[in-house]
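Survey of secondary and tertiary structure
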Amino acid sequence: MNKIKIYPPLITLLLILAMMAFHYALPQPRLTSPPFNAFGIVLIAAGVWMNLWSARWFRKNKTTIDPRGNAIYLVQEGLYRVSRNPMYLGMLITLLGVSFYLGSLLSFLAPPIFVWIVTVRFISREEKALRDCFGEEYVQYQVRVRRWV
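Residues numbered from 1 in each chain as written. Predicted model: local features only at pLDDT ≥ 70, side-chain atom pairs only at ≥ 80, totals over all residues. Heavy atoms only, no water.

Take the environment of Leu74 next. Here Leu74 is to be found in the loop between α2 (39–60) and α3 (86–102). Sequence spacing of Leu74 and Phe122 is 48 residues, and the spatial spacing of their C-alpha atoms is 17 Å. If we ignore the near neighbours within four places in the chain, the residues touching Leu74 are Leu130, Phe134, Glu137, Tyr138 and Tyr141. (Helix = DSSP H or I, 4+ residues; strand = E, 2+ residues; numbered from the N terminus. Contact = heavy atoms within 4.5 Å.)

Take a look at the structure:
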């Protein structure tokens, strides 16, 4: 039986759907309201832009974006100069944007849940694979650049 592969973009989408379901189905305190919740739209746009901009560096350097793939180049340009995981950071910012936009209390639980899942399930494995693949170059990169920000 094939296991369903769930990757961070799908986790992000599922969390957004859960945030919306809880927001509309359960009465709860609002932490942001109009016009301040419009800041969420800015965060959503910033998060999506971060993902697109970060993915561009993989295409430019002709290396795989798939963490299971065989990387041929360690991307350290663009947003990778300030975060080792700008795509995950972009997904997190998108989730924060949805939280601000919805404004409901439970929606603000999704971003920390995302950080926990991605750190435990993906980042730790990816870092080991990158150390195995790039050795000292990746270790030095880890010293220079933080995991999230």
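Still more to cover.
Attention now goes to the pattern of salt bridges. In total, this model carries three salt bridges according to the counting rule given. In this structure, the salt-bridge partner of Glu127 is Arg147, at a minimum N-O distance of 2.6 Å. Linking Glu127 in helix α4 (residues 110–134) with Arg147 in the segment after α5 (136–144), this pair joins segments that are 20 residues apart in sequence. Look at Glu127 and you get buried, because its relative accessible area is 7%. Classification of Arg147 by relative accessible area gives partly exposed; the value is 29%. Between Lys128 and Asp132 there is a salt bridge, and its shortest N-O distance comes to 2.9 Å. Pair noted here: Lys128 and Asp132 are both in helix α4, with a separation of four residues, about one helical turn. Classification of Lys128 by relative accessible area gives partly exposed; the value is 47%. Salt bridges here are not isolated pairs; linked through shared partners, they connect Arg84, Glu127 and Arg147. (Salt bridge = Lys/Arg side-chain N within 4 Å of Asp/Glu carboxyl O. Buried < 20%, exposed > 50% of the residue type's maximum accessible area, 1.4 Å probe, protein only.)

Put simply, helix α1 (residues 8–25) and α3 touch, their axes get as near as 10 Å, and they point 10° apart. Regarding the angle of α1 to α3, the classification is roughly parallel. Along its contact with α1, which presents Pro8, Pro9, Thr12, Leu15, Ile16, Met19, Met20, His23 and Tyr24, the element α3 presents Tyr88, Met91, Thr94, Leu95, Val98, Ser99 and Leu102. Residues belonging to the contact of α1 with α3 are distributed by class as follows: twelve nonpolar, four polar and no charged. (Axes fitted to C-alpha atoms, helices over the stretch in contact; angles between N-to-C directions. Parallel < 35°, antiparallel > 145°, perpendicular 65-115°, else oblique. Nonpolar A, V, L, I, M, F, W, Y, C, P; charged D, E, K, R; others polar.)

Before going further, it helps to examine the nonpolar core. Ranked by size, the top nonpolar core spans 21 residues in total, and within it Tyr88, Phe114 and Trp148 carry the most contacts. For this core, the secondary-structure elements that each account for two or more residues are α1, α2, α3 and α4. When residues in this core are grouped by element, the largest group, eight residues, is from α3. If near-sequence neighbours (up to four positions away) are discounted, Trp148 is found in contact with Val82, Ser83, Tyr88, Leu89, Leu92, Phe114, Val115, Val118, Thr119 and Ile123. Grouped together as the second largest cluster of nonpolar side chains are eleven residues, Leu74, Val75, Tyr138 and Val145 included. (Core = buried A, V, L, I, M, F, W, Y, C linked by side-chain atoms within 4.5 Å.)

Before going further, it helps to spend a moment on the confidence of the model for the protein. Averaged over the protein, the pLDDT score is 94; the fraction of residues at 70 or greater is 97%. Ranking the elements of the protein by mean pLDDT puts α4 last with 95 and α3 first with 98. (pLDDT = per-residue confidence, 0-100.)

This part is about the packing of aromatic side chains. Scanning all chains against the criterion turns up seven aromatic pairs. Pairing Tyr7 with Phe122 gives two aromatic rings, centres 6.3 Å apart and planes at 45°, and the pair type is tilted. Taken together, the residues span a long stretch of sequence, with Tyr7 in the segment before α1 and Phe122 in helix α4 at a distance of 115 residues. Judged by relative accessible area, which is 25%, Tyr7 ranks as partly exposed. When the ring of Tyr138 is compared with that of Tyr141, the centres are 6.0 Å apart and the planes differ by 50°; the resulting orientation is tilted. In this pair, Tyr138 and Tyr141 both sit in helix α5, three residues apart, roughly one turn of the helix. (Phe/Tyr/Trp six-rings, centres within 6.5 Å; stacked < 30°, edge-to-face > 60°.)

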